[in-house]
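Descriptive structure summary
Take a look at the letters that make up each chain.
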Amino acid sequence: MKKTYKIEVDCANCAAKMEDAAKKTEGVKDCVVNFMALKMKVEFEDGTDETEVMDRVFKTCRKIEPDCEIAYK
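Residues numbered from 1 in each chain as written. Predicted model: local features only at pLDDT ≥ 70, side-chain atom pairs only at ≥ 80, totals over all residues. Heavy atoms only, no water.

1. Brief notes about the pairing of strand β2 (residues 28-34)
What counts is decided by this rule: For two strands to be treated as a pair, DSSP must find at least two bridges joining them. For the purposes of this entry, the term helix denotes a DSSP run of H or I that reaches at least four residues, the term strand denotes a run of E that reaches at least two, and both are numbered from the N terminus.
As paired strands, β2 and strand β3 (residues 39-44) are joined by six bridges and run antiparallel to one another. Counterpart to valine 33 in the pairing with β3 is methionine 40. The turn linking β2 back onto β3 is made up of four residues, and leucine 38 within it adopts a positive phi angle of 55 degrees.

Okay, structure coming up:
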């Protein structure tokens, strides 16, 4: 399953780091962050709970960019 989320991030470098971190998160098959559009496209592994996975992605991204936001709830 693929979903697109609105994000708020301050710089393109942080967006790239968030993309890399999200790709390494358990339950994420692939992730693309578009800094210009302020969107995050996430492809989930089969059988995963989207909310639980996005909770982990959000926590990971907050370590990179403490004031980032991801509209997933």
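2. Structural notes on the nonpolar core
What counts is decided by this rule: Here, the term nonpolar core denotes a set of buried Ala, Val, Leu, Ile, Met, Phe, Trp, Tyr and Cys residues that are joined through side-chain atoms within 4.5 Å. Partly exposed describes any residue whose relative accessible area lies between the buried limit of under 20% and the exposed limit of over 50%, with all areas from a 1.4 Å probe on protein chains only and scaled to the type maximum. It only takes one pair of heavy atoms within 4.5 Å for two residues to be counted as in contact.
Core analysis: the biggest nonpolar cluster contains 21 residues, and Met40, Val42, Met54, Val57 and Ile70 have the highest contact counts within it. The set of elements that each furnish at least two residues to this core consists of β1 (2-8), α1 (12-23), β2, β3 and α2 (50-64). Per-element accounting of this core gives the leading share, five residues, to α2. What methionine 54 contacts, discounting residues up to four positions off in sequence, is Tyr5, Met40, Val42, Phe44, Ile70 and Tyr72.

3. Topic: the packing of aromatic side chains
Basically, it comes down to this: Ring pairs shown here join Phe, Tyr and Trp side chains whose ring centres sit within 6.5 Å, with only the six-membered ring taken for Trp; geometry is labelled stacked below 30 degrees between planes, edge-to-face above 60, and tilted in between.
Under the definition given, this model contains one aromatic pair. Ring centres 5.9 Å apart and planes at 50 degrees place the aromatic pair phenylalanine 58 and tyrosine 72 in the tilted group. Highlighted residues: phenylalanine 58 in helix α2 and tyrosine 72 in the segment after β4 (69-70), separated in sequence by 14 residues. Exposure class is identical for phenylalanine 58 and tyrosine 72. Each is buried.

4. Some details on the sheet that holds β1
Basically, it comes down to this: All axes are obtained by fitting lines to C-alpha atoms, using only the stretch in contact for helices, and the reported angles, taken between N-to-C directions, cover 0 to 180 degrees.
Reading across the sheet, the four strands line up as β2-β3-β1-β4 and stay open at both edges, with antiparallel pairing between neighbours. Strand pairing shows two members of the sheet lacking a second neighbour, β2 and β4, which therefore form its edges. Inspection of the sheet shows β1 paired to β4 by two bridges, in the antiparallel sense. Paired with isoleucine 7 across the two strands is isoleucine 70, which belongs to β4. This element, α1, spans β2 and β3 of the sheet and lies at about 170 degrees to β2. Sheet contacts for α2: β1, β2, β3 and β4; angle to β3, the most-contacted strand, approximately 135 degrees.

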